[in-house]
Amino acid sequence: MAKKIEDTTASAVEETGGATIQAQEAEVAKGAEANAEAMAESPSALQDVDELIRTHGLPAWQGAALCRFAGWAPGKTVSVTEFETALAGLAKRPMGGGR
């Protein structure tokens, strides 16, 4: 008889477990969206350089030149204002490296 109770409990957990997991996944997705919105609104929040290059629509060569100019390694995180300042500095640098 104990076996039947365990089977019933297990099937009830399976039925409600799926809904619970879906609710948890929805909460995680909402948290990720809220975090992305907060980072977009706050220019002082740090973001990955590669992500900023994509969001600013820079071509690959210009993104590479910017990282080289600013001395940033892959995976570097910077604020939006720091990124835009470095991008402006890259545009103003002398052609040919200024040697």
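Above: the structure in question.
One structure accompanies this document, and this report is about it. What you see is a predicted model, and the numbers here were worked out from it, not measured in a lab. (Residues numbered from 1 in each chain as written. Predicted model: local features only at pLDDT ≥ 70, side-chain atom pairs only at ≥ 80, totals over all residues. Heavy atoms only, no water.)

**Here we look at the overall build of the protein**
Point 1. Looking only at helices and strands, one finds four helices and two strands in the protein.
Point 2. When its helices and strands are written in sequence order, the protein yields α-β-α-α-β-α.
Point 3. The 99 residues of the protein split such that 17% are buried.
Point 4. In the protein, of all internal contacts separated by at least 6 residues, the share reaching a separation of at least 24 is 62%. (Helix = DSSP H or I, 4+ residues; strand = E, 2+ residues; numbered from the N terminus. Buried < 20%, exposed > 50% of the residue type's maximum accessible area, 1.4 Å probe, protein only. Contact = heavy atoms within 4.5 Å.)

**Some thoughts on the nonpolar core**
Point 1. By size, the foremost hydrophobic cluster in this structure holds 13 residues, and its most contacted members are Val 49, Leu 66, Trp 72 and Phe 83.
Point 2. For this core, the secondary-structure elements that each account for two or more residues are α2 (49-55), α3 (60-70) and α4 (80-92).
Point 3. Ranked by the residues each element gives to this core, the list is headed by α4, at five residues.
Point 4. If sequence neighbours within four positions are ignored, Trp 72 has contacts with Val 49, Leu 66, Cys 67, Val 78, Glu 82, Phe 83 and Ala 86. (Core = buried A, V, L, I, M, F, W, Y, C linked by side-chain atoms within 4.5 Å.)

**Considering the packing of aromatic side chains**
One pair of aromatic rings is described through two measures. These are the centre distance and the angle between the planes.
Point 1. Summed over the entire model, instances satisfying the criterion amount to one aromatic pair.
Point 2. When the centroid spacing of 6.3 Å and the interplanar angle of 15° are considered together, the rings of Trp 72 and Phe 83 count as stacked. Here Trp 72 is found in the loop between α3 and β2 (77-79), whereas its partner Phe 83 is found in helix α4, with 11 residues between them in sequence.
Point 3. For Phe 83, a relative accessible area of 0% corresponds to the buried category. (Phe/Tyr/Trp six-rings, centres within 6.5 Å; stacked < 30°, edge-to-face > 60°.)

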